[in-house]
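Secondary and tertiary structure notes
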Amino acid sequence: GLWTVFTLGGVGSKAAATPELSSPLANQSLLLLLVLANLTDAADAPNPYKQAIMSFKNTQDSSPFPSSVPHAFQINFNSLYTALCEQQTSDQATLLLYTLLHQNSNVRTYMLARTDMENLVLPILEILYHVEERNSHHVYMALIILLILTEDDGFNRSIHEVILKNITWYSERVLTEISLGSLLILVVIRTIQYNMTRTRDKYLHTNCLAALANMSAQFRSLHQYAAQRIISLFSLLSKKHNKVLEQATQSLRGSLSSNDTPLPDYAQDLNVIEEVIRMMLEIINSCLTNSLHHNPNLVYALLYKRDLFEQFRTHPSFQDIMQNIDLVITFFSSRLLQAGAELSVERVLEIIKQGVVALPKDRLKKFPELKFKYVEEEQPEEFFIPYVWSLVYNSAVGLYWNPQDIQLFTMDAD
């Protein structure tokens, strides 16, 4: 049926740049499947297509279906996984991946158990990396997929064990060797920075930070560049905080002398930026308290930019979370001072590695584990139905739709 056409029709030895052209039937089938799966439930009966998507199993699974599952079927999960890995350049394949991960626990369990998760994660990271060229819906779906994956501790551990060579699409810096985990951190941080300067979308920010937070306790052997970027993002947020604070102060002074012009809501801006700063401090703190001994590069980056954190030590919003960070900075700074001046990078890292063993773990205050779970909006159809039909309009082969008659979505929408 439709599943076979999609999963087998799109699989080939060469990865197609435009999968919808290499297999029009697979593309049409996928679009139809997405339309059917996103039909709203009838008053007296749930959507049978959605029920089927939520419950289908692997062909290798011989356990019986529960009697409560009326629209059950089986499919080869390996073929499905391969097709999804190869087709992530299209919105519709990413939307299908999201739908399966979010709604079908059999698929989610199977994918998280794969030993070649990089084949799935790398295309998703590439979507986020090329955020300027993608529409916002595609970026959202990619990001939510990462958030769903990072809800699993096994995934968060295993991504640091997968070592990648020469990531050619990452152009900011030559990455000859890096773990999948460190690359994921780099791409998510880059997305946050892009969002801060361009789109300023709070939803995007929240999901990026939630994914980093979910991973933070499992950070292992962070690449030095990934550690630098974590601290650089904090530096950027710190500068932004100071700028908004200055604007708010000046605005307050101005308001005392003139009541004519409405004031920008700097208090709200300050509140948002302080929330993000706190989240970053919690992510750094989570890594230090749970896996300090695995991350000498993060400690190095922290010490190198230690002055950044000074202003937040006594700030009432951050005092509690700064305790551990402050303790780590003070402890390692004193050890470096004892070692003398003019230390090489290698020597500093050596002192850090020795110091990690000497630092009593009970001195670090325990905080609740950082865990975020993706939850769909109350009325997801308001987002998904227009999105799916916009994909049909833009991607379906051989179907004409009169643009003037379309009311479900705006023609200039992403």
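Below or above, wherever it landed, is the structure these notes cover. Only a predicted model underlies this, so the values are computations on that prediction, with no experimental measurement involved. (Residues numbered from 1 in each chain as written. Predicted model: local features only at pLDDT ≥ 70, side-chain atom pairs only at ≥ 80, totals over all residues. Heavy atoms only, no water.)

**Things to note about the pattern of salt bridges**
- Under the counting rule described, the total for this entry stands at 11 salt bridges.
- When the shortest N-O distance is used, the salt bridge between Glu151 and Lys373 registers 3.5 Å. Of the two residues, Glu151 is situated in the loop between α9 (136–149) and α10 (153–158) and Lys373 in the loop between α17 (345–358) and α18 (381–395); the sequence distance between them amounts to 222 residues.
- Because the salt bridges share partners, they merge into one network encompassing Glu132, Glu172 and Arg190. (Salt bridge = Lys/Arg side-chain N within 4 Å of Asp/Glu carboxyl O. Helix = DSSP H or I, 4+ residues; strand = E, 2+ residues; numbered from the N terminus.)

**Overview of helix α8 (residues 118–129)**
- End to end, α8 covers 15 Å across 12 residues, agreeing with the expected 16 Å (1.5 Å per residue, within 8%).
- Taking burial as the measure, the 12 residues of α8 include nine buried ones, the bulk of the element.
- Within α8 the residues assigned to the buried category are Glu118, Leu120, Val121, Pro123, Ile124, Leu125, Ile127, Leu128 and Tyr129. (Expected span 1.5 Å × (residues − 1). Buried < 20%, exposed > 50% of the residue type's maximum accessible area, 1.4 Å probe, protein only.)

**Comments concerning the nonpolar core**
- One finds Tyr170, Leu183, Ile230 and Phe309 to be the most contacted residues of the largest nonpolar core, which totals 127 residues.
- In terms of residue count, helix α14 (residues 266–291) provides more of this core than any other element does, 12 residues in total.
- Excluding its chain neighbours within four sequence positions, the residues that come into contact with Leu183 are Leu122, Leu125, Leu164, Ile167, Trp169, Tyr170, Leu175 and Ile178. (Core = buried A, V, L, I, M, F, W, Y, C linked by side-chain atoms within 4.5 Å. Contact = heavy atoms within 4.5 Å.)

**Topic: the layout of surface pockets**
- Here the largest pocket is characterised by a volume of approximately 570 Å³.
- As for the largest pocket, its lining consists of 20 residues, and the residues nearest its centre are Met196, Arg200, Lys240, Asp269 and Ile273.
- At the level of elements, α11 (180–197), α12 (202–216), α13 (224–257) and α14 are the ones that each hand at least two residues to the lining of the largest pocket.
- The element that contributes the greatest number of residues to the lining of the largest pocket is α13, accounting for seven residues.
- Here the lining of the largest pocket is built from residues that sort into eight nonpolar, five polar and seven charged. (1 Å grid on protein atoms, 1.4 Å probe; cavity = no way out; pocket = protein on both sides within 12 Å on 5 of 7 lines; lining within 4 Å. Points joined across faces, edges and corners; volume = space filled by probe spheres on them. Nonpolar A, V, L, I, M, F, W, Y, C, P; charged D, E, K, R; others polar.)

**Here's the deal with empty space enclosed by the protein**
- Enumeration over the complete set of coordinates arrives at two cavities of 30 Å³ or more.
- By volume, the second largest cavity is sized at about 30 Å³.
- Here the lining of the second largest cavity is composed, by residue class, of three nonpolar, four polar and three charged.

**Some thoughts on the packing of helix α6 (residues 91–103) against helix α7 (residues 105–113)**
- In the contact formed by α6 and α7, the axes pass within 5 Å of each other and the chain directions differ by 100°. The orientation of α6 relative to α7 falls into the category roughly perpendicular. Of the residues in α7, those touching α6 at Leu97, Leu100, Leu101, His102 and Gln103 are Ser105, Val107, Arg108 and Met111.
- A per-class count over the contact of α6 with α7 returns five nonpolar, three polar and one charged. (Axes fitted to C-alpha atoms, helices over the stretch in contact; angles between N-to-C directions. Parallel < 35°, antiparallel > 145°, perpendicular 65-115°, else oblique.)

**Section: the environment of Phe367**
- Structurally, Phe367 can be placed in the loop between α17 and α18.
- Spatially, the C-alpha atom of Phe367 lies 8.9 Å from that of Glu282, the residues being 85 residues apart in sequence.
- Sequence-distant contacts of Phe367, that is, excluding residues within four places in its chain, are made with Asn285, Asp320, Ile321 and Asn324.

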